[in-house]
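# Structure assessment
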Amino acid sequence: MATPFPTSARIVIIGGGVIGTSIAFHLARAGEKDVVLLEKASLTEGCTWHAAGLVGQFRSQQNLMSLMNDSVRLYDTLEQETGQDPGWRKVGSLRLATNQERWKELLKSHSAAQAIGFEMNMLSAAEALEKFPLIENDDVVGAAFIPDDGHIDPNSLTQALAKGFRANGGRIFERTMVTELVRQGNRITQVITDHGPIDTEIVVNAAGLWARQVGWMAGAEIPAGIVEHQYLVTEKSDLIPDNLPALRDPDGNYYVKPEPGALAIGGWESRTLAVDGQHGFAWENERFLFDSNLERLEEFFAPALKRLPVLSELGIRTIINGPIPISPDGEPVMGPVPGFSNFYAACAFTSGIAASGGAGKAMANWIMHDDPGYDLWSFDIRRFGALQAGHKFLHDRAVEAYGKYYHIHWPGEEMESARGVRRSPLYQTLKQQGAVFGSKFGWERANWFAHGDIPQVDVLGFERPQQDITIGREHKAAREAVVLIDMTSFTKLEISGPDACEFLQYLCVANVDKEIGGGTYTQLCNERGGIEADVTIIRRSENCFWLITGSGFGVRDRHWIESNLNHRVEIRDITSAYGVINLAGPLARKVLGKTCDDDVGHEAFSFMTAKDIRIGYAPALAFRVTYIGELGWELYIPTEYTQYVYEVLQEAGAEYDITNIGYRAIDSLRMEKKFLAWGVDITPDYNPYEAGLQFSIDWDKGNFLGREALAKIRDDGVQQKLVCLALEDPLPVFGGEAIFVNGKAIAQSTSGNFGYTIGKSLVLAYLPVEYMEAEDFTIDAFGKRCTASLIKGCAYDPGRQKILC
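Residues numbered from 1 in each chain as written. Predicted model: local features only at pLDDT ≥ 70, side-chain atom pairs only at ≥ 80, totals over all residues. Heavy atoms only, no water.

### Some remarks on the sheet that holds strand β21 (residues 483-486)
- Read from one edge to the other, the open sheet built from six strands follows the order β28-β29-β30-β27-β21-β31, with strand pairing classed as mixed. Both edges of this open sheet fall to β28 (610-615) and β31 (659-660), since each of them pairs with a single strand only.
- Strand direction decides the pairing type here: β21 and β31, joined by two bridges, are parallel. Across the sheet, residue Val-483 finds its bridge partner in β31, namely Thr-659. (Pairing = 2+ DSSP bridges. Helix = DSSP H or I, 4+ residues; strand = E, 2+ residues; numbered from the N terminus.)

Now the structure itself:
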């Protein structure tokens with residue numbers, strides 16, 4: 001007897017690929033009894049059916065690896081739980097390095113693996129050959145072997161998840177086309193299908209290749225493009241031994257998946273083809289494949305043939321050239337869709353089979369508890385905005401991200417496509433003065449400045465090449481003289497209305513009820529005390545405040561603010577209305593004083609206050625604040641005056657050798673001050689007491705979001721605390737390094753850089769409290785270990801005399 005089609009369901013999931021089915025499985029297993037999954041064709045028939053099925057766990061960030069680990073743990077037990085074999089084969093994976101730079105990248109990964117207790121074995125060329133006897137290893141420098149990796153059959157996996165979902169009360173309706181999403185305000189209230197409407201409380205877009213079109217039904221832009229991906233499968237042969245591990249040869253840009261008596265070989269070509277995204281992917285294209293492209297195939301098959309001579313003796317059984325989803329940065333798109341209170345996305349999974357188990361669990365947690373279980377900012381849909389979802393930007397970036405999938409991921413490397421889109425009024429001037437730009441949320445931002453004979457082009461490497469004479473020079477100028485920093489890309493939100501102050505008092509842990517012109521540094525915490533945002537707020541009038549946050553955090557922070565909004569408050573994005581110039585350094589007061597008539601002395605213009613002034617002829621809001629640990633002002637200037645103000649400041653500062661500096665110097669400077677970066681050092685996984693930010697909490701102002709949890713944390717104490725460690729040797733550090741005490745890995749660094757004032761490499765890390773008095777720290781960076789000392793407070797100006805002068 002057929003299951004009757006529902007007229008209502010608490011949760012509706014759109015898309016019956018491995019991701020949608022995994023979300024449904026985890027929701028039902030967690031106790032959700034009213035979940036419906038809709039699939040317009042049959043399960044797997046989007047892109048799951050033609051996936052290669054590799055399962056690789058390692059990622060550079062601990063939480064992303066945890067998501068992949070959750071997949072493997074599920075696959076280990078799924079047959080026992082559901083009674084259906086998902087085709088899971090835990091044969092391990094081997095990743096080759098054929099040059100020293102690739103080997104360094106593997107060593108960096110190995111350090112991170114040690115930090116979290118993840119088994120990753122570093123092998124010699126001879127040991128790699130033992131693991132995979134078919135390879136030529138003459139040029140192999142070394143390899144990494146992960147024993148718990150493997151491969152799985154995508155169709156069998158999906159069917160096992162579907163069986164488990166149904167066993168827990170879930171309902172699946174195949175051959176059911178969603179045609180409309182009915183929206184009322186910020187909620188989707190009804191899913192219209194060709195079988196009838198479904199009233200619903202929550203909608204999940206797991207539509208894979210059609211995720212953008214499903215988003216359009218609700219008026220949402222989902223940054224999920226489509227590109228072609230090819231692999232081939234050889235004919236079967238006795239020359240292929242059993243139980244080979246999966247093989248990745250990133251310098252050859254290909255992977256090898258062992259099959260019974262055969263090999264599947266795929267790659268990440270430098271110029272794959274994007275599928276036209278302006279009008280979406282044809283709805284009828286289930287089980288769709290493109291014609292094979294032998295020219296692109298040769299790009300990865302030629303190096304594979306050189307590595308695996310046995311291929312010359314094998315015929316090709318089939319070539320698969322299928323559509324796969326991909327985001328502008330190549331990572332998945334997950335989480336609550338901005339502008340909605342009940343719409344979630346889980347799409348653009350380029351490695352969907354490997355991620356599906358963990359992604360399903362995380363999405364179920366997100367839907368049920370408003371928390372994925374661990375910070376997933378790198379996968380969060382709110383890292384993108386409307387610009388990145390535009391079809392041209394999306395597909396140009398997607399093609400680049402795809403082609404670089406196996407490239408060495410250099411620290412500080414920038415994307416090359418879709419550049420020059422958002423420009424500060426100072427862009428051309430800074431470019432003429434030597435700026436080398438990076439891209440952040442579409443903004444062009446100066447990373448550093450060339451000078452003298454140094455070419456105006458990035459030099460990448462794990463040893464921070466030439467930064468001692470570029471970043472070091474800028475760092476020195478900030479500490480000893482005066483600098484200009486273009487910070488126009490800051491996100492600026494104006495929060496106003498009769499209840500604006502009351503609302504912000506509830507939202508923030510700090511007291512924002514200051515005099516007009518008062519500034520506040522604060523965190524926005526969730527009910528568990530986790531840090532959702534790290535912002536500064538300026539009171540502009542009785543009922544108007546400016547909230548300043550990072551360039552890439554505007555969508556996420558605004559969504560968090562709006563999700564807690566139940567007051568008479570208006571929120572307006574004023575980012576493009578104001579340029580921002582940071583004037584900073586011990587001589588900053590001399591420069592500012594020359595350009596305005598106001599008293600800018602310490603007594604008249606105290607730290608964390610803002611005043612409307614004029615610089616030359618132009619109006620500006622001067623906010624005395626710092627992120628580099630020196631005297632300074634952020635100058636908020638109406639866009640049309642920004643270039644003029646810059647010229648006035650540069651002319652006034654000429655006698656003090658005023659210097660342009662970029663964001664790489666900022667990172668070095670803030671490390672010496674132990675100033676934290678959201679998304680790296682602080683996230684929803686950490687609370688202010690762990691991060692050393694409890695000074696910002698105002699316990700006397702009344703109730704605020706997270707108060708109860710933070711009070712308990714205050715009373716009970718914490719198990720870990722953020723500290724700064726200084727390395728005895730100047731090893732290059734970037735974050736992710738393993739930290740040891742007596743040979744035992746106890747932590748992983750969150751940030752790392754060189755402090756040019758103190759002359760040492762520095763890392764930030766959360767240490768278990770029982771190690772706070774230890775003296776024998778060692779840090780692993782690229783396979784080298786050195787001792788490190790724990791710094792009480794910060795490395796530079798712990799008394800804040802430089803800031804409060």
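### Observations concerning the environment of Ala-113
- Checked against the element boundaries, Ala-113 lands in helix α3 (residues 100-115).
- The exposure class of Ala-113 is buried, given its relative accessible area of 0%.
- Distance in space between the C-alpha atoms of Ala-113 and Glu-532 is 27 Å, their sequence separation being 419 residues.
- The residues contacting Ala-113, other than those within four sequence positions of it, are Phe-58, Phe-118 and Met-120. (Buried < 20%, exposed > 50% of the residue type's maximum accessible area, 1.4 Å probe, protein only. Contact = heavy atoms within 4.5 Å.)

### Side note on helix α17 (residues 663-673)
- Buried residues dominate α17, accounting for 10 of its 11 residues.
- Listing the buried residues of α17 in full gives Tyr-663, Arg-664, Ala-665, Ile-666, Ser-668, Leu-669, Arg-670, Met-671, Glu-672 and Lys-673.
- Where α17 is buried, its residues touch β20 (443-449), α12 (471-480), β21, β32 (720-727), β34 (744-755) and β35 (760-768).
- Backbone geometry just after α17 places Lys-674 at a positive phi near 60°.

### Describing the packing of aromatic side chains
- Counted according to the given criterion, the structure contains 27 aromatic pairs.
- Between the aromatic rings of Phe-5 and Phe-173, the centroid separation amounts to 5.1 Å while the plane-to-plane angle is 70°, which identifies the pairing as edge-to-face. Here Phe-5, found in the segment before β1 (8-14), pairs with Phe-173, found in strand β8 (residues 171-173); they are 168 residues apart in sequence, far enough to count as distant.
- The class for Phe-173 is buried, based on a relative accessible area of 9%.
- Put simply, the rings of Trp-210, Phe-281, Phe-288 and Phe-290 pair up and form one aromatic cluster.
- The positively charged end of Lys-40 is found above the aromatic ring belonging to Trp-210, 3.9 Å away from the centroid. (Phe/Tyr/Trp six-rings, centres within 6.5 Å; stacked < 30°, edge-to-face > 60°. Lys NZ or Arg CZ within 6 Å of the ring centre and 35° of its normal.)

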